[in-house]
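Structural overview for review
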Amino acid sequence: MDHVSAFDEPLKKLLGGATAKVMADHLDLHTVGDLLHHYPRRYEERGRLTALTDLPLDEHVTVVAQVADARVMTFNGGRGKRLEVTLTDGHGRLQLVFFGHGVHKPHKELLPGRRAMFAGKVAVFNRKMQLAHPTYQLLDAELTDEAGATEAVDAFAGKLLPIYPACKQLDSWRIAKAVDAVLPSAQEAVDPLPPALREGRGFTALPEALLKIHRPHTKADVAAARDRLKWDEAFVLQVALARRRYADTQLPAVARRPVPGGLLDAFDATLPFTLTDGQLKVSKEIFDDVATEHPMHRLLQGEVGSGKTMVALRAMLATVDAGGQAAMLAPTEVLAQQHHRSITEMMGELAEGGMLGGADQGTKVVLLTGSMGVPARRQALLDLVTGEAGIVIGTHALIEDKVKFHELGLVVVDEQHRFGVEQRDALRSKAQSQGEKRSPHLLVMTATPIPRTVAMTVFGDLETSVLDQLPAGRSPIASHVVPAKDKPHFLSRAWERVREEVENGHQAYVVCPRIGDDEDESAGKKGKKTAEAEADRRPPLAVLEIAEQLAKGPLTGLRIEVLHGRMHPDEKDDVMRRFAAGRVDVLVATTVIEVGVNVPNATAMVIMDADRFGVSQLHQLRGRVGRGSAPGLCLLVSEAHEASPARARLSAVASTLDGFELSRIDLEERREGDVLGQAQSGVRSSLRVLSVIDDEEVIAAARAEAVETVAADPELEHLPELRLVLDALLDKDREEYLDKG
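Just so you know, the residues in each chain are numbered from 1, in the order the chain's sequence is written. Owing to the predicted nature of the model, reporting of local features is limited to residues with pLDDT of at least 70; listing and counting of side-chain atom pairs is limited to 80 or more, with chain, interface and lining totals taken over all residues. Hydrogens are left out, water is left out, and the side-chain values use all remaining heavy atoms of the structure.

Observations concerning the overall build of the chain
Only DSSP runs of H or I covering at least 4 residues are called helices, and only runs of E covering at least 2 are called strands; the numbering of each starts at the N terminus. Summing up its helical and strand segments, the chain has 29 helices and 21 strands in all. For each residue, the accessible area found with a 1.4 Å probe, counting protein chains only, is set against the maximum for its type, and the residue is called buried under 20%, exposed over 50%, and partly exposed in between. Per-residue burial over the chain gives 54% buried out of 741 residues. Contacts were defined at the residue level, with two residues in contact if any of their heavy atoms lie within 4.5 Å. By sequence separation, contacts in the chain at least 24 residues apart represent 74% of the contacts at least 6 residues apart. Total accessible area on the chain stands at roughly 33200 Å², and carbon and sulfur atoms take up 52% of it. All accessible areas in this document rest on Shrake-Rupley with a 1.4 Å probe, and a residue is counted as covered only by the protein chains that are shown.

Structural notes on the confidence of the model for the chain
For residues with low pLDDT, the predicted coordinates do not support detailed interpretation. Put simply, the chain has an average pLDDT of 80, and 82% of its residues get 70 or more. Every residue carries a pLDDT, the predictor's confidence in it, which falls somewhere between 0 and 100. Across residues 520-536 the pLDDT falls below 50, and counting only partners more than four positions away or on other chains, this stretch makes 14 contacts in the model. Under a pLDDT of 50 for its full length, residues 671-685 has, in the predicted model, 26 contacts with residues more than four places off or in other chains.

Thoughts on the pairing of strand β11 (residues 364-368)
Taken across its five residues, β11 has five buried, putting it largely inside the fold. Looking down the strands as they point away from you, a crossover is right-handed if its path from the first strand over the helix to the second goes clockwise. Since β11 and strand β12 (residues 389-394) lie parallel, the crossover through helix α15 (residues 374-386) that links them has a hand, and here it is right-handed.

Considerations on helix α21 (residues 569-580)
Compared with an ideal rise of 1.5 Å per residue, which puts twelve residues at 16 Å, α21 spans 16 Å between its outermost C-alpha atoms and is within 8% of the ideal. For α21, the complete set of buried residues consists of Asp573, Val575, Met576, Arg578 and Phe579. The first or second residue beyond α21 is Gly582, which carries a positive phi of 85 degrees. Here the expected span of a helix is defined as 1.5 Å times the quantity of residues minus one.

Here we look at the sheet that holds strand β21 (residues 632-638)
Within a sheet, adjacent strands bond to each other through the backbone by hydrogen bonds, running parallel or antiparallel. When DSSP finds two or more bridges between two strands, those strands count as paired. The six strands are arranged β16-β21-β20-β17-β19-β18 in an open sheet whose pairing can be described as parallel. For this open sheet the edge positions go to β16 (477-483) and β18 (560-563), each flanked by a neighbour on one side alone. Neighbour-to-neighbour, the strand axes of the sheet open up by a mean angle of 20 degrees, direction not taken into account. Alignment of strand β17 (residues 507-511) against strand β20 (residues 602-607), held across five bridges, turns out to be parallel. What counts as an axis is a line fitted to C-alpha atoms, over the stretch in contact for a helix, and the angles between N-to-C directions run from 0 to 180 degrees.

Remarks on the environment of Asp486
Mapped onto the secondary structure, Asp486 falls in the loop between β16 and α18 (488-503). Remark: the alpha-carbon pair of Asp486 and Glu639, spanning 153 residues in sequence, is separated by 7.6 Å. For Asp486, the residues in contact, after removing those within four places along its chain, are Glu642 and Arg647.

What to know about the sheet that holds strand β13 (residues 408-414)
Read from one edge of the open sheet, seven strands run β11-β12-β10-β13-β14-β9-β15, paired in parallel fashion. On the outer flanks of this sheet lie β11 and β15 (463-467), each paired with one strand and no other. When the angles between neighbouring strand axes are averaged without regard to direction, this sheet yields 20 degrees. By the bridge criterion, five bridges tie strand β10 (residues 325-329) to β13 in an arrangement that is parallel. Residue Leu329 lies in a different strand from β13, and its bridge partner there is Val413.

A closer look at the pattern of salt bridges
The working definition used for a salt bridge is a side-chain nitrogen of Lys or Arg within 4 Å of a carboxyl oxygen of Asp or Glu. Enumeration over the complete set of coordinates arrives at 29 salt bridges. Close ionic contact of Lys212 with Glu208 constitutes a salt bridge, the shortest N to O distance being 3.0 Å. Taken as a pair, Lys212 and Glu208 lie in helix α9 (residues 206-214) at a separation of four residues, close to a single helical turn. One salt bridge in this structure joins Asp232 and Arg228, with 2.7 Å as the shortest N-O distance. Taken together, the positions of Asp232 and Arg228, both in helix α10 (residues 219-250) and four residues apart, correspond to about one turn of that helix. Judged by its relative accessible area of 9%, Asp232 falls in the buried class. On the accessibility criterion, Arg228 (0% relative accessible area) is buried.

A look at the nonpolar core
Within the largest apolar cluster, 39 residues are counted, with the highest numbers of intra-cluster contacts made by Met316, Met347 and Ile391. The greatest single-element share of this core, amounting to nine residues, is contributed by helix α13 (residues 308-321). Core analysis: the second largest hydrophobic core is formed by 33 residues, Ala176, Leu183, Ala186 and Ala225 among them. In these notes, a set of buried Ala, Val, Leu, Ile, Met, Phe, Trp, Tyr and Cys residues joined through side-chain atoms within 4.5 Å is what counts as a nonpolar core.

Remarks on the side chain of His38
With respect to the helices and strands, the residue His38 is situated in the loop between α4 (32-36) and β1 (42-45). Distance and chemistry together define a polar contact, namely a pair of N or O atoms within 3.5 Å, with one atom able to donate a hydrogen and the other to accept it when in protein, and with adjacent residues in sequence counting only for side-chain atoms on both sides. Engagement of the side chain of His38 in a polar contact is seen with the backbone oxygen of Pro165, the distance being 2.9 Å. If we ignore the near neighbours within four places in the chain, the residues touching His38 are Leu27, Leu29, Tyr164, Pro165, Ile175 and His214.

Things to note about the pairing of strand β6 (residues 128-132)
Here strand β4 (residues 93-99) runs beside β6; their pairing, made up of three bridges, is parallel. Its bridge partner being in β6, Gln95 is matched across the sheet by Gln130. Examined bridge by bridge, strand β5 (residues 115-125) and β6 share four bridges and lie antiparallel to one another. Bridging from a neighbouring strand, Val124 pairs with Met129 of β6.

Some points on the packing of aromatic side chains
Here the aromatic set is Phe, Tyr and Trp, taking the six-membered ring for Trp, and pairing holds for ring centres within 6.5 Å; pairs whose planes are under 30 degrees apart are stacked, those over 60 apart are edge-to-face, and all others are tilted. Tallying each qualifying case throughout the model produces five aromatic pairs. Here Phe118 and Tyr136 contribute two aromatic rings whose centre-to-centre distance is 6.1 Å and whose plane-to-plane angle is 40 degrees, an arrangement assigned as tilted. In this pair, Phe118 is assigned in strand β5 and Tyr136 in strand β7 (residues 135-138), connecting sequence segments 18 residues apart. With centroids separated by 5.9 Å and ring planes inclined at 50 degrees, the aromatic side chains of Phe203 and Trp231 adopt a geometry described as tilted. A residue pair is termed long-range when its members are at least 10 positions apart, and Phe203 in the loop between α8 (195-200) and α9 and Trp231 in helix α10 qualify at 28 residues. Three or more aromatic residues link up through ring pairs in this structure, and these residues are Phe98, Phe118 and Tyr136.

Let's talk about the packing of α9 against α10
Close contact between α9 and α10 brings their axes to 8 Å; oriented N to C, the two are set at 125 degrees. What the angle tells us is that α9 and α10 run oblique. Classified by chirality, the crossing of α10 by α9 is left-handed. Residues Leu206, Ala209, Leu210, Lys212 and Ile213 of α9 pack against Asp221, Ala225, Arg226, Arg228, Leu229 and Asp232 of α10. Three categories are distinguished: nonpolar for Ala, Val, Leu, Ile, Met, Phe, Trp, Tyr, Cys and Pro, charged for Asp, Glu, Lys and Arg, and polar for the others, with Gly belonging to the last. The residue inventory of the contact of α9 with α10, partitioned by class, reads six nonpolar, no polar and five charged. Under this scheme an angle from 65 to 115 degrees is roughly perpendicular, one under 35 degrees roughly parallel, and one over 145 degrees roughly antiparallel; angles in between are oblique. Take the far helix as your reference; a near helix turned counterclockwise from it by less than a right angle gives a left-handed crossing, and one turned clockwise gives a right-handed crossing.

Thoughts on the environment of Ala704
Note that Ala704 resides in helix α27 (residues 696-712). Given a relative accessible area of 44%, Ala704 falls into the partly exposed group. In the structure, Ala704 is positioned 469 residues away from Phe235 in sequence and 9.3 Å away in space, judged by C-alpha atoms.

What follows is the structure in structure tokens.
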């Protein structure tokens, strides 16, 4: 049986249509291979019971526990029946509840002293943890009369019970049964690791690793299997990235070497301050890259305000000196306009090449956005095609067909995670004009600090530079959590603080998770959820409601405006311009302000329902204040319970301004899949046991091995198994992940 037929066999052939449909719809498992790679989340030891004390709320869990007592209660004057069962594990207790006709079977089976596996969603009722109508499977060997009980015990004859990531429609033990049906196919697994690597590191064979991870006898089995499977994931991914980097080094590009006495030198001479060591170091890395005859692909990470724009501008000026043009792409029009403003201000008369009063060695800096008027746009396009404009700044309008460059040498992309693959490719092809197949150099900037492992995994096709010092003159930001529910007077004080800032001539932001009009997307989705999970959770606070409440209440008399994503672009620009000019005191906004709005006079920010935002997002938002000489203040308002994980997260944000530290916390919080993000659909699904958080050594070692493997055999001609597995991972639509920009 060859690999293709064994691992690519659709599940419905083996498991029947109904089970296969649930697996496809709810767990994204379609083939035998998918199910074999659906590894247990953890294992229960037969002799030990789950710690009932630390079950996560609102999650679908599987527990193994013992019945302490069970009793039927009546209500509604004896018309209704309810069975309450208490489980114990020696430490904690958990309540089960069954209603109506569902009471009879469990009442007969769940007798005190019996052990079983229970699965359901954890909720809190009357301040106690409970599972309502859980499914269960008895585990007591003596119940031989009950068909199925013996089978259950036999199936889990090993000491360790695998607990699978499950869903409401399919319990862990049903998944275990399905795995039993496909386990024989594990023998057909194609091993991607080169034999020398496998033997050198003493790894278990792949079929054996798959067997051990699903049906271990000992903890050592689990450890050996995980070590092996982690390496597979890390290595295959790193080989894919190494091949991409190798292919990039084969592309031709024009070397852009800095020219003495040109624009860059003239610009450096006008700087009123000295560059930080970090800026100089990163600039050198960039200049070394663009001086070679294959395209630079570099990711520049730096906190908000660490001077990334300055580094990018110097790279653009050096490119112009060397006869090329530089393009900077921003994710929004507001941001493109802002970059254009700040770059022309930084360059002064150097940005007026060819104009009266412009410097001799100056160049034109043009703006190109979708909403420009026709004459201005026509002039900008003309300046680009003739080469009159050395620097162009714009949104993805820059990538439209009509835009022609004279000679595009460098592309700077701001806030990378908002740009897709297609855009990056389109820009690349722009430069490959007039039949010359030469790629521009590429510098990608992000203000989201990315831990090293994620950079190696998600952005592994880019070399990384980090700016970690803040330039002189940035003010500290004080952050505090405001517990609105426990201490309402803290919230009143927060609004007083905003008022004080405004009275001192400053401005403030108030950020809300939602816009709050009838078309609000979350309102539509609430319907079903409310009943179950959100009975006691109100919808997130909304911009339009909060703005109105503030205007009538605590901030009455101040000039308050709103800003959100559903406003017309012109309207948004208008509000932003007035806020930047100081004609608005308080801006109530959604996260549209998260990226790149620079108003040095804004010193305070109040984030409503702060627990509804991620750690990195809160850090990004906070970076909008304290941009001038006055210190910044960020207040995180939350109704989350003091002991909740949400509050712990907010306290972490309040306690440090170090973005890299926070990005680690963020990673630990979120499931790995979200970290790898939507843009990387292909590889997200392939990381099962590899943890981008904990496996830094594995990822780094796999990267080194992958680089060697690809250098020795770029086409992997001598490693057909590795090629097979790579092709399966990177079928066409997934290939794009590696080319995301």
